[in-house]
Structure formats: C-alpha cells, structure tokens
Amino acid sequence: MALCRLANMTLSPNVFIGRIIQPSSVVQTARQLSTDVFDENVDEESQRLEELRDISGLTERQKRRLRGQMPDIDVNNEYQNSVRYHRKLYAKLGSKSGVDPRLSWTGRKKALELAALLREWEPPLQDRLDKLEAQKQEAASKQLKREQKVAENMAKMDQWITEYRQRQSQKDAEALKKEEKKRKILEEAREYFGYYVDPRDSKFKEMMEEKEKQEKELAKKQKKEKRLEKLAARLQHMAQEEK
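A brief structural summary. (Residues numbered from 1 in each chain as written. Predicted model: local features only at pLDDT ≥ 70, side-chain atom pairs only at ≥ 80, totals over all residues. Heavy atoms only, no water.)

Brief notes about the overall build of the protein chain
Scanning the protein chain from N- to C-terminus turns up eight helices and two strands. When the helices and strands of the protein chain are listed from N to C terminus, the series reads α-β-β-α-α-α-α-α-α-α. When each of the 243 residues of the protein chain is scored for burial, the buried share is 9%. Long-range contacts, defined as pairs at least 24 residues apart, comprise 18% of the intrachain contacts of the protein chain with a sequence gap of at least 6. Accessible surface, the protein chain as shown: approximately 22200 Å² in total, 54% of it carbon and sulfur. (Helix = DSSP H or I, 4+ residues; strand = E, 2+ residues; numbered from the N terminus. Buried < 20%, exposed > 50% of the residue type's maximum accessible area, 1.4 Å probe, protein only. Contact = heavy atoms within 4.5 Å. Areas by Shrake-Rupley, 256 points an atom, 1.4 Å probe, with all protein chains shown as cover.)

A few points about helix H7 (residues 157-193)
The periodicity of an α-helix, 3.6 residues per turn, causes residues three or four places apart in sequence to face the same way. If you check H7, its first and last C-alpha atoms are 53 Å apart, about what 37 residues at 1.5 Å a residue would give, namely 54 Å. All of the buried residues in H7 are Ile185, Leu186 and Ala189. The inward-facing, buried residues of H7 abut helix H8 (202-242). Count one or two residues on from H7 and you reach Gly194, which has phi positive near 85°. (Expected span 1.5 Å × (residues − 1).)

So, a positive patch on the surface
Taken together, Arg61, Arg65, Arg84, Lys88 and Lys92 make up a surface patch of like positive charges. Taken together, the elements giving at least two residues each to the positive patch come down to helix H3 (60-67) and helix H4 (83-93). Looking at which element gives the most residues to the positive patch, the answer is H4, with three residues. Note on placement: Lys92 falls in helix H4. (Patch = residues over 30% accessible without salt bridge, like charges linked within 9 Å, V, L, I, M, F, W, Y side chains within 5 Å. Salt bridge = Lys/Arg side-chain N within 4 Å of Asp/Glu carboxyl O. Lys, Arg positive; Asp, Glu negative; His and termini not counted. Charge placed at Lys NZ, Arg CZ, Asp CG, Glu CD.)

A look at the nonpolar core
Counting seven residues, the largest nonpolar core is built from Ile185, Leu186, Ala189, Val197, Phe204, Met207 and Met208. Once you skip the residues sitting within four places of it in the chain, Ala189 turns out to touch Gly194, Tyr195, Val197, Phe204 and Met207. (Core = buried A, V, L, I, M, F, W, Y, C linked by side-chain atoms within 4.5 Å.)

Here's the deal with the packing of H7 against H8
It is the contact of H7 with H8, at a shortest axis distance of 11 Å, that shows an interaxial angle of 115°. For the pair H7 and H8, the crossing hand works out as right-handed. Residues Lys181, Ile185, Leu186, Glu188, Ala189 and Phe193 of H7 pack against Lys203, Phe204, Met207, Met208, Lys211 and Glu215 of H8. Residue classes in the contact of H7 with H8 are distributed as seven nonpolar, no polar and five charged. (Axes fitted to C-alpha atoms, helices over the stretch in contact; angles between N-to-C directions. Left-handed = near helix turned anticlockwise from the far one by under 90°. Nonpolar A, V, L, I, M, F, W, Y, C, P; charged D, E, K, R; others polar.)

Examining the pattern of salt bridges
Evaluation of the coordinates by the stated rule reveals three salt bridges. In this structure, Glu215 and Lys181 form a salt bridge, with 3.5 Å as the shortest nitrogen-oxygen distance. Here Glu215 is found in helix H8, whereas its partner Lys181 is found in helix H7, with 34 residues between them in sequence. Among the residues examined, Lys181 registers a relative accessible area of 43% and is labelled partly exposed.

Concerning a nonpolar patch on the surface
Nonpolar side chains collect at one region of the surface, where Val150, Met154, Met157, Trp160 and Ile161 lie side by side and expose about 440 Å² of accessible area between them. Considering each element in turn, the nonpolar patch owes the most residues, three residues, to H7. Following the sequence through the fold, Val150 ends up in helix H6 (residues 125-155).

Okay, structure coming up:
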C-alpha cells in the first residue's frame, strides 16, 4: 500500500498531489512509508509464525476463555443476553466483564417468589419439630396397639391350641369313620357279589348309589319321625296345661 502511494507521486521536484512541498518532506514521507511497509510485513510474518506455532487446536473463543478474556457477545443469542449469563461473566471476570454488579442480587419480586417457595418446601423449624413429634406419637400409639394385640392373642393361645386339637381330633375321627364305612361297604359288596369287588367297578358304583339312596331315605324318615315326636310332645304338654 505504501509503495503504491509512493509510485503515484508526480516527478515534479516541488509538486506532490497538487501541493507544493520541500524535497526534504518528500524524503521524510518516503521513509515513513517504508517504515509502515516494514511494520506491516513484520506483523504479517509474526501472525504467520504464531499460527504455525499454535498446535493447540483450540478455537478463538476457547483461547479467550483460557486467557481469562472477555468472550465475543452475540447480541442475537438469547442465552448470552440473559441475566444468568451476565452473572457468570461477572463471577469469572469481575469488573473487566463490564457487567453491572447489581445483577448479582435478586430483585424484590423474585425474592418474594423464592421466599414463598421456601416456606412451602422448607417450613419453619418449629413446624418441623411439631410434625416430628406428631409422627413419634403416632408411631408410639401403633406400637402400643400392636403390643396389646399380641398380649390378647397370647392370652387366648391355650384356648386356640385346645380348639385346634379338637378340630384335628374331629377330622381324624371323621377320616376313620369314612375309612371304616368304606371297609364295611367293600365287605358288604364282597358278600353280595361273592367275590372281592374293585371300587372302580361299575357294579360297585351302582351298589353305592343304591345304598346312598337308601341312607337318604332312612335319614329323611328319621327326621320326619323326630319332628312328629316333637309335635306330639308339644301337644301333650299343651293338653296338660289345659287340665
């Protein structure tokens, strides 16, 4: 750039871009332009060497972050324009961030909302102590009821054991009775047919059905007789009362 401007100078010894100047000024200007060209070349060379030496692979944003420098702020980025982001910047960079430190404090509206939420999720200490005491009393009451129930059951233990043994004896007696009945029926079937009959035989089943029918009729007859006996006893009692 500087050489181009120097080349555009007129060859007139006293004229430079429409102005009359001294030859010494031309020399001084040429020197200044040469210095600018040299500085530009040095800057370009330094930048090229810096790029060659940089083997980190980091982006410019990451380098800024590593050096503790301000990041590039995108005005269209919603997060970078948020209060939360500016608070983080101030926490990392302090006053160099240019962030108003007043953003670090919560506003009145937000503080009231947080206080209401805190009261809901973290009630006062006395409320929590009262709740804890109520829970202890409830647990103690449940424990007392459980112990009372155990004591009542232990008091009934002998009675329950006796009742269980009676039920078990009754079941054993019924089982023996069924076994004896089966044995007698098989004996009757052997006497009736003249030989041992398999309980699965159709003849044995027919005989059992007939026997059950007879037993039902007999039980019905006995029930009717008992009912008639009770009725007769009642009538006799009424007749005696009338006398």
